[in-house]
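For reference, the chains in residue letters:
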Amino acid sequence: MSAFHLWRRRTTRTKLLRPMAMIDYEKAVARGVGSGGGAGARGWRSLLLLVALVASTAALYASFSSTLRVSAWFLVPPLSNSSPEEFVLLPSTCPTHPHTRPLLGRPLSASLSSALVKPASTPPPTEVPVSTASPSLIAPSPSPAEGAYVPKAPPLVPDGPGFIPSPGFLPVSTVTPPSVAPVPRPRVGDDAMTDLQLIHAKKAIAGAPVVLHDPDLYAPLFLNVSVFKRSYKMMERILKVYIYEDGPKPLCHTPQLDGIYASEGWFMKLMEENTQFVVKDPNKAHLFYLPYSSRQLRTQLYVAGSRSMKPLSIFLRDYVNSISAKYPFWNRTRGADHFLVACHDWATYTTNLHEELRKNTIKVVCNADVSEGVFVRGKDVSLAETYVRTPNSPRKAIGGRPASRRSILAFFAGQMHGRVRPILLRHWRRRDRDMRIYEVLPDEIAAKMSYIEHMKSSKFCICPMGYEVNSPRIVEAIYYDCVPVIIADNFVLPFQEVLDWSAFSVVVAEKDIPSLKEILLGISGRRYVRMQTNVRRLRKHFLWNDKPVKYDLFHMILHSIWFNRLNHVHVR
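Caption draft 1: Region of interest: the pattern of salt bridges. Applying the stated criterion across every chain, the model contains 17 salt bridges. Between Arg317 and Asp318 there is a salt bridge whose closest N-O contact spans 3.1 Å. For Arg317, a relative accessible area of 1% gives the class buried. With a relative accessible area of 16%, Asp318 lands in the buried category. One salt-bridge network, held together by shared partners, links Lys363, Lys379 and Asp380.

This is the structure we're talking about:
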């Protein structure tokens with residue numbers, strides 16, 4: 001046999017799989033033994049061929065095994081609840097595969113190890129609005145009152161809130177221990193995604209195109225109509241709200257739609273019926289709504305004659321503690337992406353037993369008084385106080401006379417409480433025919449002209465604060481096309497972050513009450529007509545509708561919450 005044929009036979013046989021090689025091995029041994037055990041020349045050649053065959057087969061098997069191992073480095077199963085975009089997975093260094101070894105024989109660096117488990121888009125933990133899974137962010141509970149139950153936070157479980165897997169432990173699937181109630185938990189990367197959406201929205205608003213004309217928005221009413229329109233559009237496109245189902249009725253989930261505190265009830269009703277912004281999956285939410293009623297707290301928990309709000313504060317503290325213990329979402333931002341809507345005068349004071357609720361949560365309240373250190377301008381939202389007399393028809397009797405048919409300069413009638421109203425009456429009651437200032441509208445006068453007709457017939461409607469800075473007369477004046485005159489130092493006006501109140505109202509300092517008539521007469525006829533026209537165009541932004549419409553009061557409140565939340569998102 002020629003050398004070429006011998007080489008070809010040897011090469012062909014080394015390419016065979018291991019079972020075929022074993023057959024050749026047995027045949028070669030048989031030939032060698034049959035030829036005298038290798039004593040002859042033919043036996044020696046057979047033995048040499050056998051050694052070469054075994055060596056080639058071993059080399060082929062080693063190469064084949066190495067190829068399988070290298071290929072397996074790129075076949076890494078992802079986390080069961082993650083997507084490829086959520087993690088930075090480096091080939092040949094994944095800790096989940098048993099054959100994985102460190103690169104070049106060195107241990108993984110800290111930065112590389114963290115890259116294997118950290119969402120690629122997670123911002124630095126020093127930024128306040130950016131969510132984090134650090135267990136240090138579990139809300140500390142204030143000192144509980146005697147006998148009050150404060151739920152404890154659930155233990156950290158794999159893939160649960162606050163759990164950060166080490167590079168050597170990336171579970172493919174996780175089973176929640178039976179002792180932990182099955183509640184929604186954040187999926188890896190969800191909080192980072194919602195933060196990125198807010199950052200994108202803030203950048204888009206900063207670069208808002210100039211609005212030259214919009215039939216639905218009257219530019220003189222706004223500080224910057226272009227920014228408002230862009231922000232509103234981004235809200236419609238992006239914002240998602242999760243409503244907690246927790247809370248006992250009637251303290252929670254029970255809206256009241258009439259009276260001077262109706263604003264909180266109407267917002268609750270319309271929010272819970274909404275399908276555009278509300279989501280069932282809290283992992284997709286940018287904001288979280290605490291659906292309790294401050295009015296119901298006052299009715300159900302206040303002990304008559306006690307002059308103490310403590311029972312209300314204890315309930316609210318325990319309500320928030322139970323939510324922060326049951327769900328992980330409060331602890332991600334310490335409540336900064338949660339909001340409450342409350343119109344009762346006591347609403348701000350009842351947050352004092354829960355530090356994070358008082359400092360971090362977005363408080364949408366009627367009592368927007370910055371002097372008391374609870375309401376924070378730019379974070380909290382001033383809620384317009386609306387007096388709804390007929391819930392079935394909240395828009396009944398709105399509208400008023402044109403400027404040329406308003407014969408009364410200024411009008412006020414109301415109860416004497418607070419520090420401002422007694423001063424107003426002391427200077428102007430029965431002092432001037434143009435200034436119709438009453439404590440209570442006298443019967444003989446009311447028989448000729450009702451309270452509402454007085455507002456419809458007056459150029460200016462005086463809106464002094466009562467016990468607190470807010471007053472339903474501001475919105476009433478807008479309903480009846482009467483220019484509101486607001487007397488309440490330290491009051492943050494509703495939607496002040498977007499509306500230009502100087503275009504349709506007069507704000508008078510409390511110290512200037514003696515000069516009130518002089519101030520009003522100083523407004524020219526042309527300017528007054530312009531202001532009253534603005535009030536009429538403003539009205540649609542302060543109206544409740546059974547089915548919310550674009551730019552109405554429901555959407556304006558929601559936009560203020562959205563806008564103020566964006567103000568606390570840091571953009572690099």
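Caption draft 2: Quick look at helix α8 (residues 294-301). Buried within α8 are the following residues: Ser294, Arg295, Gln296 and Leu297. For α8, the elements touching its buried residues are α7 (262-273), α9 (310-326) and β3 (338-342).

Caption draft 3: Region of the structure containing the nonpolar core. Formed by 133 residues in total, the largest nonpolar core has its most connected members in Phe267, Met271, Phe460, Ile462, Phe542 and Trp562. Residue contributions to this core peak at 8 residues, all from helix α18 (residues 553-567). Once you skip the residues sitting within four places of it in the chain, Phe460 turns out to touch Leu409, Ala410, Phe411, Cys482, Val483, Val485, Val506, Leu520, Ile523 and Tyr528.

Caption draft 4: Focus on the environment of Leu425. Within the secondary structure, Leu425 sits in helix α12 (residues 421-428). Through-space distance from the C-alpha of Leu425 to that of Phe412 is 9.5 Å; in sequence the pair is 13 residues apart.

Caption draft 5: Structural detail: the state of the cysteines. Inspection of every chain in the model, using the stated rule, returns 2 disulfides. What pairs with Cys343 in a disulfide is Cys366, and their sulfur atoms sit 2.1 Å apart. Taking the sign of the torsion about the S-S bond as the criterion, the disulfide between Cys343 and Cys366, at about -95°, is left-handed. Of this pair, Cys343 sits in the loop between β3 and α11 (355-359) while Cys366 sits in the loop between β4 (362-365) and β5 (381-382), placing them 23 residues apart in sequence. Judged on exposure class, the residue Cys343 and its partner Cys366 are both buried. The disulfide partner of Cys461 is Cys482, and the gap between their sulfur atoms is 2.2 Å. Taking the torsion about the sulfur-sulfur bond, which here is approximately 115°, the covalent link between Cys461 and Cys482 counts as right-handed. Taken together, the residues span a long stretch of sequence, with Cys461 in strand β8 (residues 458-464) and Cys482 in the loop between α15 (473-479) and β9 (483-487) at a distance of 21 residues. Accessibility assignment for this pair places Cys461 and Cys482 in one class, buried.

Caption draft 6: Quick look at the environment of Pro464. Locating Pro464 in the fold gives a position in strand β8. The spatial distance from the C-alpha of Pro464 to the C-alpha of Arg419 is 9.5 Å, given a sequence separation of 45 residues. For Pro464, the contacting residues outside a window of four places in its chain are Phe412, Val420, Arg421, Leu424, Ser471 and Ile487.

Caption draft 7: Representation of the sheet that holds β5. Reading across from one edge, β1-β2-β3-β4-β5 is the order of the 5 strands in this open sheet, with parallel pairing throughout. Edge positions in the open sheet fall to β1 (241-243) and β5, since each of these has one partner strand only. In terms of strand pairing, β1 meets strand β2 (residues 287-290) through 3 bridges, oriented parallel. Counterpart to Val241 in the pairing with β2 is Leu287.

Caption draft 8: Local environment of the packing of aromatic side chains. Applying the stated rule across the entire model yields 22 aromatic pairs. Joined through ring pairs, the aromatic side chains of Tyr242, Tyr244, Phe288, Tyr327 and Phe329 make up one cluster. The ring of Tyr387 carries Arg389 above its face, with NZ or CZ at 4.3 Å from the centroid. Its guanidinium or amino end placed over the ring of Tyr218, Arg537 lies 4.0 Å from that ring's centre, counting from NZ or CZ.

Caption draft 9: Representation of the confidence of the model for the protein chain. In this model, the protein chain carries an average pLDDT of 78, and 67% of its residues clear a pLDDT of 70 or more. Contacts from residues 13-39, a stretch scored under 50 in pLDDT, to residues over four places away or in other chains number 24 contacts.

Caption draft 10: View of the sheet that holds strand β7 (residues 435-438). A sheet is described by the order of its strands in space; here 5 strands give the open sequence β7-β6-β8-β9-β10, paired in parallel fashion. Two strands in the sheet have a free side with no partner beyond their single neighbour: β7 and β10 (506-507). Where strand β6 (residues 408-413) meets β8, 3 bridges bridge the pair, whose relative direction is parallel. Of the residues in β8, the one forming a bridge with Phe411 is Cys461. Lying over the sheet, α12 contacts β6, β7 and β8, oriented at roughly 130° with respect to β7. Its contacts with the sheet put helix α17 (residues 525-538) on β8, β9 and β10, and the angle it makes with β9 is roughly 95°.

Scoring rules and cut-offs
Residues numbered from 1 in each chain as written. Predicted model: local features only at pLDDT ≥ 70, side-chain atom pairs only at ≥ 80, totals over all residues. Heavy atoms only, no water. Salt bridge = Lys/Arg side-chain N within 4 Å of Asp/Glu carboxyl O. Buried < 20%, exposed > 50% of the residue type's maximum accessible area, 1.4 Å probe, protein only. Helix = DSSP H or I, 4+ residues; strand = E, 2+ residues; numbered from the N terminus. Contact = heavy atoms within 4.5 Å. Core = buried A, V, L, I, M, F, W, Y, C linked by side-chain atoms within 4.5 Å. Disulfide = S-S within 2.5 Å. Pairing = 2+ DSSP bridges. Phe/Tyr/Trp six-rings, centres within 6.5 Å; stacked < 30°, edge-to-face > 60°. Lys NZ or Arg CZ within 6 Å of the ring centre and 35° of its normal. pLDDT = per-residue confidence, 0-100. Axes fitted to C-alpha atoms, helices over the stretch in contact; angles between N-to-C directions.

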